[in-house]
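# Survey of secondary and tertiary structure
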Amino acid sequence: TDVRISGVETNFTWNTLKLLGEKSPLKSVQTGYSYMFSDSLSNDFESLYVLDFLQHKADLGLNFQFGKNLQVNWFFSYQDRLGSYVDASGMESNYQPVFLSDLRVSPQFGKLKLFVQVSNLFDETYNDIGSVVQPGRWFRLGMNYEFSMITR
């Protein structure tokens, strides 16, 4: 058969310095939305996952700067997937919309930048493509170090 999936996507970033002033910790706001749909040729089409796409996805990102050396990024995402999956008990279930949030805190010490990130901050339980249960809340730690290379 022939399946065509189309959609639209928008993304905006606002630099809040002019609106809120230099002293505001909120430095930028990012928003995004995407919508996808399939054509009429996909009716009565059976597949394990071809038609299980994110129909609606809305994102919001807030970027903060506290003082000179601390960045905080808070990200929110609403996702609504079409289709269904077979769970571990053998029952077919429709994908449910999910609201996810990630938080990243990044202190900087000279050229060393550390980060602590919490993904799925609110510990949402949800299934993604192919009935794969996604991880609950999880943490990442890391660092970046900036150094100069001397070239001759």
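Right above here is the structure, for reference.
A brief report on the enclosed structure follows. The structure displayed is predicted, hence computed values, not measured ones.

## Topic: the overall build of the protein
In terms of helices and strands, the protein carries one helix and eleven strands. Reading the helices (α) and strands (β) of the protein from amino to carboxyl end gives β-α-β-β-β-β-β-β-β-β-β-β. In terms of C-alpha radius of gyration, the protein reaches 21 Å, well past the compact-globule figure of 15 Å for 152 residues. Residue burial in the protein is summarised as follows: out of 152 residues, 24% are buried. Taking the contacts inside the protein whose residues are at least 6 apart along the sequence as the reference set, 49% of them involve residues at least 24 apart.

## Overview of the layout of surface pockets
Size it by volume and the second largest pocket reaches roughly 150 Å³. Leu100, Asp102, Ser119, Asn120 and Tyr126 are the residues nearest the centre of the second largest pocket, which is lined by 13 residues in total. The set of elements that each furnish at least two residues to the lining of the second largest pocket consists of strand S4 (70-81) and strand S7 (98-109). Per-element accounting of the lining of the second largest pocket gives the leading share, four residues, to S4. Residue classes in the lining of the second largest pocket are distributed as six nonpolar, six polar and one charged.

## Looking at the environment of Trp138
Considering the arrangement of structural elements, one finds Trp138 in strand S11 (residues 138-145). Since its relative accessible area comes to 36%, Trp138 is described here as partly exposed. Between the C-alpha atom of Trp138 and that of Asn120, which follows or precedes it by 18 residues, the distance is 6.8 Å. Those residues in contact with Trp138 that sit more than four places away from it in its chain are Gln117, Val118 and Ser119.

## Overview of the sheet that holds strand S8 (residues 112-119)
An order of S1-S2-S3-S4-S7-S8-S11 is seen for the seven strands of this open sheet, with the pairing classed as antiparallel. The two strands at the open ends of the sheet, each matched to only one other strand, are strand S1 (5-15) and S11. Sheet twist, expressed as the mean angle between neighbouring strand axes with direction ignored, is 10°. Both S8 and S11 contribute to a ladder of eight bridges, which runs antiparallel. Paired with Phe115 across the two strands is Gly142, which belongs to S11.

## Some remarks on the packing of aromatic side chains
For the structure on display, the rule yields seven aromatic pairs. A centroid spacing of 5.9 Å and a plane angle of 25° characterise the contact between Phe12 and Trp14, whose relative ring orientation is stacked. By way of ring pairs, the aromatic residues Trp74, Phe76 and Phe99 are connected into one cluster. In this arrangement the basic side chain of Arg81 is found over the ring face of Tyr95, its NZ or CZ atom lying 5.9 Å from the centre. Looking at Arg104, its charged tip hangs above the ring of Phe115, at a distance of 3.8 Å from the centre.

## Things to note about empty space enclosed by the protein
One pass over the structure, following the stated rule, counts one cavity of 30 Å³ or more. Taken together, Leu54, Gln79, Asp80, Arg81, Gln96, Val98, Tyr126, Asn127 and Asp128 form the lining of the largest cavity. Mapped onto the lining of the largest cavity, the elements with two or more residues apiece are S4 and strand S9 (127-128). It is S4 that contributes the most residues to the lining of the largest cavity, three residues altogether. The class makeup of the residues in the lining of the largest cavity is three nonpolar, three polar and three charged.

What counts, and at which threshold
Residues numbered from 1 in each chain as written. Predicted model: local features only at pLDDT ≥ 70, side-chain atom pairs only at ≥ 80, totals over all residues. Heavy atoms only, no water. Helix = DSSP H or I, 4+ residues; strand = E, 2+ residues; numbered from the N terminus. Rg over C-alpha atoms; globule rule 2.2 N^0.38 Å. Buried < 20%, exposed > 50% of the residue type's maximum accessible area, 1.4 Å probe, protein only. Contact = heavy atoms within 4.5 Å. 1 Å grid on protein atoms, 1.4 Å probe; cavity = no way out; pocket = protein on both sides within 12 Å on 5 of 7 lines; lining within 4 Å. Points joined across faces, edges and corners; volume = space filled by probe spheres on them. Nonpolar A, V, L, I, M, F, W, Y, C, P; charged D, E, K, R; others polar. Pairing = 2+ DSSP bridges. Axes fitted to C-alpha atoms, helices over the stretch in contact; angles between N-to-C directions. Phe/Tyr/Trp six-rings, centres within 6.5 Å; stacked < 30°, edge-to-face > 60°. Lys NZ or Arg CZ within 6 Å of the ring centre and 35° of its normal.

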